[in-house]
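# Chain and residue survey
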Amino acid sequence: MNINDMEIILSIMKNDGYSEVVDVPENTEIIFINTCAIRDNAEQKVRHRLNYFWFLKRQWKRNVATGRSQSLRPPKVIVLGCMAQRLKDKILDADKMVDVICGPDAYRDLPRLLEEVDYGQKGINTLLSLEETYADINPVRISKNSISAFVSVMRGCNNMCSFCIVPFTRSRERSRPMESIVKELNRDPTGDLVKAFPACLRHNICKCIHLPAQTGSSAVLERMRRGYTHEAYLDLVQKIRNMIPGVGLRSDFICGFC
Ligand code: SF4
């Protein structure tokens, strides 16, 4: 999801005049940190990364003071994604070097938020939306040579599994209009995506379904508020196997759910 979001953000930034993507933070104008809030470990990694960017900003100040840097401004640091949505301005309070906080439904606002930084302000937008799907934005692929690409068909979630933060950081479930998905596939410069999705025959799609079980115990499923039982899951697996012979199934399991 975050890779897909970065491809949308790249498109928004390119339209705003930023032309070059660099993958080293040392010489860049803007640093994006797209975050995950699903586990504490993921948040700790972000904090370590922020410490390093704080060091970079201090180094920039030193270089300007000693005439070793011509750059007029220090790099702007933007925190995006679910952790930004969860902690909101608490990140700005804890990390003074962060310039912009932008939640998953506010990426269109990034150019304005960056302007606020030019005027010496902090930029923050964590408004969630019931409609935003970025359907009209043509993502800029991060990996040009990849044989696969992410095409998002929906955002958000209406379920309330007891362990999950997604409904709170990515809002309600909404789907992209079918035409916008087909349009995005048609715009793929290699043509590979549209070949994989012929309008009437989808025979060359990988027969693989990701079907997270989370646990095999109906009692734990109930505590997780997953809305199905062990038996219902196995019934579904059987239905899928009947409909798609030879299908591959993948899953997620949570170990040690309390
Ligand atoms: S279905 Fe449950 S685990 Fe999956 S995103 Fe929604 S709330 Fe989270």
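What counts, and at which threshold
- Residues numbered from 1 in each chain as written.
- Predicted model: local features only at pLDDT ≥ 70, side-chain atom pairs only at ≥ 80, totals over all residues.
- Heavy atoms only, no water.
- Domains from an automatic or database assignment.
- Contact = heavy atoms within 4.5 Å.
- Buried area = accessible area lost by both parts, 1.4 Å probe.
- Salt bridge = Lys/Arg side-chain N within 4 Å of Asp/Glu carboxyl O.
- Polar contact = N/O pair within 3.5 Å; in protein donor to acceptor, adjacent residues only side chain to side chain.
- Near = heavy atom within 4 Å.
- Nonpolar A, V, L, I, M, F, W, Y, C, P; charged D, E, K, R; others polar.
- Pairing = 2+ DSSP bridges.
- Helix = DSSP H or I, 4+ residues; strand = E, 2+ residues; numbered from the N terminus.
- Axes fitted to C-alpha atoms, helices over the stretch in contact; angles between N-to-C directions.
- Buried < 20%, exposed > 50% of the residue type's maximum accessible area, 1.4 Å probe, protein only.
- Core = buried A, V, L, I, M, F, W, Y, C linked by side-chain atoms within 4.5 Å.
- Phe/Tyr/Trp six-rings, centres within 6.5 Å; stacked < 30°, edge-to-face > 60°.

## Regarding the domain arrangement of the protein
Each domain of the protein was delimited in the assignment, giving domain 1 (1–201) and domain 2 (206–258). Computed over C-alpha atoms only, the centres of domain 1 and domain 2 are separated by 31 Å. Across the contact, four residues belong to domain 1 and seven residues belong to domain 2. Between domain 1 and domain 2 the total buried area reaches about 450 Å² when both faces are included, carbon and sulfur atoms providing 59% of it. Together, Cys 161, Ser 162 and Phe 163 form the three largest contributors to the area buried by domain 1 at its contact with domain 2, with a combined 87%. For the interface between domain 1 and domain 2, the tally reads zero salt bridges. Inspection of the region where domain 1 meets domain 2 yields three residue pairs in polar contact (both at pLDDT 80 or more).

## Side note on the site of the ligand
Near the ligand, the surroundings consist of Cys 157, Asn 159, Cys 161, Phe 163, Cys 164, Val 166, Pro 167 and Arg 226. Looking at the shell around the ligand, its residues break down into six nonpolar, one polar and one charged.

## What about the sheet that holds strand 3 (residues 100–102)?
On the basis of which strands lie adjacent, the open sheet formed by four strands has the order 1-2-3-4 and parallel pairing. Looking along the sheet, the strands with just one partner apiece sit at the ends: strand 1 (30–35) and strand 4 (123–125). Taken over all neighbouring pairs, the strand axes of this sheet differ in orientation by 15° on average, direction set aside. When strand 3 meets strand 4, the two strands line up parallel, connected through three bridges. Counted as the bridge partner of Val 100 is Gly 123 from strand 4. On the sheet, helix 1 (residues 2–15) packs against strand 1 and strand 2 (76–80) and is oriented at approximately 150° with respect to strand 1.

## A few points about the pairing of strand 1
Within strand 1, five of the six residues are buried, leaving the element largely enclosed by the surrounding structure. Relative to strand 2, strand 1 runs parallel, the two sharing five bridges. Note on strand 2: the bridge partner recorded for Phe 32 is Ile 78.

## Structural notes on the side chain of Asn 4
Within the secondary structure, Asn 4 sits in helix 1. Residue classification places Asn 4 among the buried residues on the basis of a relative accessible area of 5%. Of the polar contacts made by the side chain of Asn 4, one reaches the backbone oxygen of Phe 150; its length is 3.5 Å. Look past the residues within four positions of Asn 4 in its chain and what remains in contact with it is Phe 150 and Ser 152.

## Re the side chain of Ser 11
Tracing the backbone through its elements, the reader meets Ser 11 in helix 1. A distance of 3.0 Å separates a polar side-chain atom of Ser 11 from the backbone oxygen of Asn 138. The residues contacting Ser 11, other than those within four sequence positions of it, are Ile 137, Asn 138, Pro 139 and Val 140.

## Here's the deal with the nonpolar core
The tendency in soluble globular proteins is for nonpolar side chains to be buried side by side. Grouped together as the largest cluster of nonpolar side chains are 19 residues, with contacts concentrated most on Ile 33, Leu 50, Phe 53, Val 77, Val 79, Val 98 and Ile 101. Of all the secondary-structure elements, those providing two or more residues to this core are strand 1, helix 2 (40–65), strand 2, helix 3 (81–87) and helix 4 (89–94). Once residues within four sequence positions are removed from consideration, Leu 50 is found in contact with Ile 33, Val 77, Val 79, Asp 95, Met 97 and Val 98. Ile 30, Leu 80, Val 100 and Tyr 134 belong to the second largest nonpolar core, which has 18 residues in total.

## Topic: the packing of aromatic side chains
As enumerated under the stated definition, the model contains five aromatic pairs in all. A centroid spacing of 5.6 Å and a plane angle of 20° characterise the contact between Tyr 107 and Tyr 134, whose relative ring orientation is stacked. Taken together, the residues span a long stretch of sequence, with Tyr 107 in the loop between strand 3 and helix 5 (110–118) and Tyr 134 in the loop between strand 4 and strand 5 (154–155) at a distance of 27 residues. As far as burial versus exposure is concerned, Tyr 107 and Tyr 134 are alike and both buried. Considering the side-chain rings of Phe 163 and Phe 257, the 6.2 Å spacing of their centres and the 80° angle between planes classify their relative orientation as edge-to-face.

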